[in-house]
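# Architecture at a glance
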Amino acid sequence: MCFVCVLLLLVLSGFAGTVCAEVFRFDSANAWQAWQMPNDLVEIDEGGGLRLRKFRKGINALADAGNFRHPTQERGEVMGGIWEAKSNPQTADFIVDGDRLTYWQPDPADAPDQWSVQIDLGRPVLAREIRLVFPDKDGARPLRQFSIFIASGARIQALNDVFKFAAIYRTTRPNRDAEVVIPLEYLGTDSTYVLDEGLGLDLKRENRYQVIQYIIIEIDEQSLDAALAEVEVLAVGDNVSLGTAGRGGGFLEGGRTTGAALMFDGDMDSFALLTSADEGWLEDGVWWRVDLGAVFFLDELFLYQSQLGEGLRSQVQGGNPSASGGLFLVSDGEPAPGSGLPVPEQVDYEILVEDRCRPQCAGRLFHQRYMFAPRKVRYLFWHEIDELAGSFGWGLEAMLFSPGHPARVDMRSDFIDLAAAAGDGRPRVIERLTWAAGLPPRTKVQLRSRSGNTLQEVFSFFDKKGDEVTEERYNSLPGVLQGPVDTSVVVGEDWGAWSNFYQASGEAFQSQSPRRFVQLEMILSTDDWQVAPEVDALAIEFTDALVQVAKGRIWPRQARLNEQTRFTYTLWPQGDGQDSGFDRLRFKIPGVVDGQVVLRVAGEQVEPVAVEKKGDSLLVLLPDVVLLDSVEVDFSARLIDYAALFVLDLGLAEKPGLWQSVEASERRG
C-alpha cells in the first residue's frame, strides 16, 4: 500500500482553493496482498495492476508442469517435471524446458535397463497426444527403438509411489524421424456427448483422449548418439476444477455421499463414494454441490471413473459403477427466490445434463465428456435419478474447462486502518475512491465500501477431533481433549452496511465518514470470455476530520405525509483539541423544505450568514466556526416518503469540497 499526500484543486459554489488530501493506494504486488482474492484467477503484472487469468484450450501440459505441486508417499510434496532419470539425470530437464535445441542423452556406460526417464505432469490432464522431438545432427540422433508407458496418477500401493502403467507405443522398426506423435485414445466404451447444436465439433476427434499424469520413455536399443530434445503433451486445456477449495469455493453433500471435494483436487488417489438411494436421492442424501468460488464460462465437463486394479479402492460390484443415471444442474449465482434444492444459496439452477444411462452403460462407461456452448457457472449440483438407482460406488475425478476469462471474480480488502496510515490514530474523512482501469466492451469494474471505528475479535473453539464446540463446552473438557482456539477479527457494532456500487472513479465516498477503518469490495466481470477488465491502481483519498465525532438527532420522530411539519435537528460535535471545526451545514431532507430557518449554537439563537433552500436540500452558513458547541436548526418540511432519512454533512469554508457526515446519536435517531 502506498500512502502519500497530494494537493487537490476543488471548486464549490464558485470558490476555488486547495486542500492537502492523503491517498492510500493499491498499485503494487505488496499492496494487493492486503486483499482476499482467488490467487489462481487474479494475476498481478509488473506494474502492479490486476489482470484476470485467461484459461486456455489446446495446451502443452508439460510447459507449466512445474507450477503444480502435489503430495507423494515417499518424497513429500513435489512439483511437476522430471520424476526420475535413471541415466544422466543432470541433463534430463532439457526434455521439459521448452527448448528444442537442448537435449538429454543417456550415459553409454549405464546398463540398458537404466536408459529410461519418467515425467510427472504435476496433475492429471485430459491429453490428446504425446509428441517426442529429437535432435538430428552428428553426435545426437533420434531414439531408434523405444517404448512409451502412461499412468493416470492413481497409486496401486498404499505406502509407495507405484502406479499402474499401460504401454501405449512401441517402435516396430528403427525410428529415423525427428518428431514422433503418439495419439491417445481409450479402447473401451467411453463417450463424448455434445449437448448443444451448432458448435461445429468433430465428434470423432473429441472422442480421442486419455487421462495421464505420468509418462515413462524406455529406450529399447542402445546407441552412442541416442538423444531426446523435448517431450510435449497436447491436452484439452486448463482444468478449472484445480484450486476450487483455495479460491474460497465450498462443497456440500448428502448423507450417502462422502468426499465430494476430492473430485476437484487433482489427486487421482482420492475419490468420492456414493451409495444409491432406497427412498429417493433427496431423502437418502445421494447428492453433492460444489461452489467454484467465482463465476466461470464453462464449455466442458469431464468425469473420470477409476477402474478395477487402479487406485487404492475396491470397486463396489453390481449396479452402475459410472456416473450415468444422474442429473447435473448449474447456476451462475444470480440471486433468485430459490431452487428447492438442499443448498443455502438463494439462486436458480438449470439442467445441464440429464443422463438416464444410455445403452452403452451395459459396457460400463468409465470416462464421460460433455461439451456444450459456453455458459456462466458458479454452482454445480448433481443428484441421482431415483428410478435408475442401484447400489454402486464412485471413484471419480472431475475436470471442468473454459474457453477464456472468468465471468466474475469477487475480491475484498482487509480492514484498512487509515488512522494508523496517517500515524496519529485519529479517524479520517474519506473523500472519494479513484481507480484507473482498462474496460474493453462488455466488461465492468464494480466497487463498494463500508467503514467503522472499531473491530472486535471472535473466538472459535475446537475439540481434539477438530469439531467446533461452544466456549462453555470447551472449558468443561479435560485439557487433553481441548483442541485449538481460532481468533478472527470482525467489524464492530458501529459499522454500516455495504454501500451501493460506485458508478464512476472519483465519486464521493458513500459510506459513513469520518472513520478509522475502511473495507472495500471489488468485482471484475465480463460478458465476453475473450476479454476482461484490468485495474492498474485503486486509491482512497482522505483528509483530517473537521471534528472527531459528530452525532445528530431529528425531532419529532413521526409526521404525516405531505403535511408541513416543524422539525428540529440537533447536532453534538466532539473533538480532541486538534480539530479545525465547521461553519457549514448541508442537509438533505426527504421532502420539500419551506418556511423560516432558526439557528441556535450552544443554546443561543444566532443569525446564519446565509440560508439556501433548493428542492430537498438546505444549506446553512454559520457566523463562526464551531468546535464543541451543540447546534440546533429548526425548519419546516413536507415529507413525501415513509421511513424518511435526514442527512447532514458538515463543511468548512477553508476546506471547500470537504464534507463530513453526521451519524445518528442513537438507533434510528
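For the structure itself, consult the block above.
Residues numbered from 1 in each chain as written. Predicted model: local features only at pLDDT ≥ 70, side-chain atom pairs only at ≥ 80, totals over all residues. Heavy atoms only, no water.

Moving on, we come to the overall build of the protein chain. The secondary structure content of the protein chain amounts to 5 helices and 44 strands. Taken over C-alpha atoms, the radius of gyration comes to 33 Å for the protein chain, far larger than the 26 Å a tight globule of 669 residues would show. On the principal axes, the C-alpha backbone points of the protein chain span a range of 105 × 65 × 65 Å. Within the protein chain, contacts between residues separated by at least 24 positions form 77% of all contacts whose residues are at least 6 apart in sequence. (Helix = DSSP H or I, 4+ residues; strand = E, 2+ residues; numbered from the N terminus. Rg over C-alpha atoms; globule rule 2.2 N^0.38 Å. Contact = heavy atoms within 4.5 Å.)

Here we take up the nonpolar core. Looking at soluble globular proteins, one finds that nonpolar side chains tend to be buried together. The biggest cluster of nonpolar side chains holds 72 residues, and the ones touching the most others in it are Phe26, Trp35, Trp288, Met522 and Ile540. With 9 residues, strand E20 (residues 287-305) is the largest single contributor of residues to this core. If sequence neighbours within four positions are ignored, Met522 has contacts with Trp32, Trp35, Leu50, Val409, Asp410, Met411, Val445, Gln446, Leu447 and Val535. Counting 34 residues, the second-largest nonpolar core is a separate cluster that includes Ala61, Ala85, Val125 and Val180. (Core = buried A, V, L, I, M, F, W, Y, C linked by side-chain atoms within 4.5 Å. Buried < 20%, exposed > 50% of the residue type's maximum accessible area, 1.4 Å probe, protein only.)

Among the surface-exposed residues, Val194, Leu201 and Leu203 lie close enough to one another that they form a single nonpolar patch of about 210 Å² accessible area. By the element assignment, Leu201 lies in the loop between strand E14 (191-194) and helix H2 (203-206). Given the relative accessible area of 35%, Leu201 is considered partly exposed. (Patch = residues over 30% accessible without salt bridge, like charges linked within 9 Å, V, L, I, M, F, W, Y side chains within 5 Å. Areas by Shrake-Rupley, 256 points an atom, 1.4 Å probe, with all protein chains shown as cover. Salt bridge = Lys/Arg side-chain N within 4 Å of Asp/Glu carboxyl O.)

For the rest of this paragraph, the subject is the sheet that holds strand E35 (residues 564-574). Strands sit in the order E38-E37-E41-E35-E34-E44 across an open sheet of 6 strands; the sheet is mixed. Pairing within the sheet leaves two strands with one partner each, and these edge strands are strand E38 (604-606) and strand E44 (663-664). Where strand E37 (residues 591-601) and E38 come together, 3 bridges link them in antiparallel fashion. What sits directly across from Val601, in E38, is Glu604. (Pairing = 2+ DSSP bridges.)

Attention now goes to the environment of Ala260. As for its position among the elements, Ala260 is in the loop between strand E18 (257-258) and strand E19 (273-274). Among the residues examined, Ala260 registers a relative accessible area of 0% and is labelled buried. Separated by 12 residues in sequence, Ala260 and Ala272 have C-alpha atoms that sit 5.3 Å apart. Among all residues touching Ala260, those that are not within four sequence positions of it are Phe251, Leu252, Glu253, Ala272 and Trp288.

Once that is clear, we can look at the side chain of Ser116. Along the chain, the position of Ser116 falls in strand E10 (residues 116-133). Ignoring any residue separated from it by four or fewer positions in sequence, one finds Ser116 in contact with Glu84, Ala85, Lys86, Ser87, Trp104, Ile217 and Glu218.

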